[in-house]
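Secondary and tertiary structure notes
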Amino acid sequence: MKPLIFHNPKCGTSRNTLAIIKASGEEPEVVEYLKNTPTRDRLVELLAQMQISPRELLRSKEAINDELGLDNPELSDDQIIDAMIAHPILINRPIVVTDKGAALCRPSERVFELLANPVSSFTKEDGEVVTHDKH
């Protein structure tokens, strides 16, 4: 399968992750999830693949998080998922899916472990050089 990235072009981490994928010789399927929100079932599936909770995927820095009171520990996973579907900006990014698995790629170099032939080093937009040790 070709890599799949749930991408926000306004996010530096997302842009760096996409660039690492391309620098590694892959041409991923890019889903701009703010324009094409995943279905509830797809989001639940992604959470299971990544083995993280909805709260771990929640982008709590967004103002809508506070407006909706999503930091309330009594909220259920279903309530958090519903909020992310209604307000996709609350879905943290980028999410990458490959044959090797799925992960929230924060920081962007987490994508190395998901790629078949990752580049050995990459220079991010801010000039930081990240490396991948190919054991």
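To be clear, the structure that these remarks concern was listed above.
Worth saying up front: this structure is predicted, and the values here are computed from it rather than measured. (Residues numbered from 1 in each chain as written. Predicted model: local features only at pLDDT ≥ 70, side-chain atom pairs only at ≥ 80, totals over all residues. Heavy atoms only, no water.)

**Remarks on the overall build of the protein**
- Along the backbone of the protein there are 5 helices and 6 strands.
- Secondary structure of the protein in N-to-C order comes out as β-α-β-α-α-α-α-β-β-β-β.
- For the protein, whose C-alpha radius of gyration is 15 Å, the value lies close to the compact-globule estimate of 14 Å for 135 residues.
- Counting across all 135 residues of the protein, residues that qualify as buried make up 44%.
- Separation between the mean location of the 16 positive side-chain charges and that of the 22 negative ones in the protein comes to 5 Å. (Helix = DSSP H or I, 4+ residues; strand = E, 2+ residues; numbered from the N terminus. Rg over C-alpha atoms; globule rule 2.2 N^0.38 Å. Buried < 20%, exposed > 50% of the residue type's maximum accessible area, 1.4 Å probe, protein only. Lys, Arg positive; Asp, Glu negative; His and termini not counted. Charge placed at Lys NZ, Arg CZ, Asp CG, Glu CD.)

**Details of the pattern of salt bridges**
- Enumeration according to the criterion identifies 10 salt bridges in this entry.
- For the salt bridge of Glu 125 with Arg 15, the shortest nitrogen-to-oxygen distance reads 2.6 Å. Of this pair, Glu 125 sits in the loop between strand S5 (121–123) and strand S6 (129–131) while Arg 15 sits in helix H1 (residues 12–23); the two residues are 110 residues apart in sequence, bridging distant segments of the chain.
- What you see here is one network of salt bridges that share partners, running through Arg 40, Asp 78 and Asp 82. (Salt bridge = Lys/Arg side-chain N within 4 Å of Asp/Glu carboxyl O.)

**What to know about the nonpolar core**
- Core analysis: the biggest nonpolar cluster contains 23 residues, and Leu 57, Met 84 and Ile 95 have the highest contact counts within it.
- Listed by contribution, the elements that provide at least two residues to this core are strand S1 (4–7), helix H2 (40–50), helix H5 (77–86), strand S3 (95–98) and strand S4 (101–104).
- If you look at the next biggest cluster of nonpolar residues, it comprises 14 residues, including Leu 18, Val 96, Val 119 and Val 130. (Core = buried A, V, L, I, M, F, W, Y, C linked by side-chain atoms within 4.5 Å.)

**Notes on the side chain of Asn 65**
- Tracing the backbone shows Asn 65 in helix H4 (residues 63–67).
- One polar contact links the side chain of Asn 65 to the main-chain carbonyl oxygen of Ser 60, over a distance of 3.4 Å.
- Leave out the neighbours within four places in its chain, and Asn 65 touches Leu 58, Arg 59, Ser 60, Leu 70, Asp 71 and Leu 90. (Polar contact = N/O pair within 3.5 Å; in protein donor to acceptor, adjacent residues only side chain to side chain. Contact = heavy atoms within 4.5 Å.)

**Some words on unusual backbone geometry**
- Omega for the bond connecting Arg 93 with Pro 94 falls within 30 degrees of zero, at -5°, which places this linkage in the cis form.
- Of note, Pro 94 is situated in the loop between H5 and S3.
- Cis geometry is adopted by the peptide bond preceding Pro 107, which originates at Arg 106 and carries an omega value of 0°.
- As for its placement among the helices and strands, Pro 107 is situated in the loop between S4 and S5.

**Let's talk about the pairing of strand S2 (residues 29–32)**
- Two strands pair when backbone bridges link them, and S1 and S2 are joined in this way by 4 bridges, in the parallel orientation. When the sheet's bridge partners are listed, Ile 5 is paired in S2 with Val 30. (Pairing = 2+ DSSP bridges.)

**Notes on the sheet that holds S2**
- Across the sheet, which stays open at both edges, the 4 strands sit in the order S2-S1-S3-S4 with mixed pairing between neighbours. Each edge of the open sheet carries a strand with a single partner, namely S2 and S4. Strand-to-strand twist of the sheet, defined as the mean angle between neighbouring strand axes without regard to direction, takes the value 15°.
- Against the sheet, H1 makes contact with S1, S2 and S3, and its axis sits at roughly 160° relative to S1, the strand it touches most. (Axes fitted to C-alpha atoms, helices over the stretch in contact; angles between N-to-C directions.)

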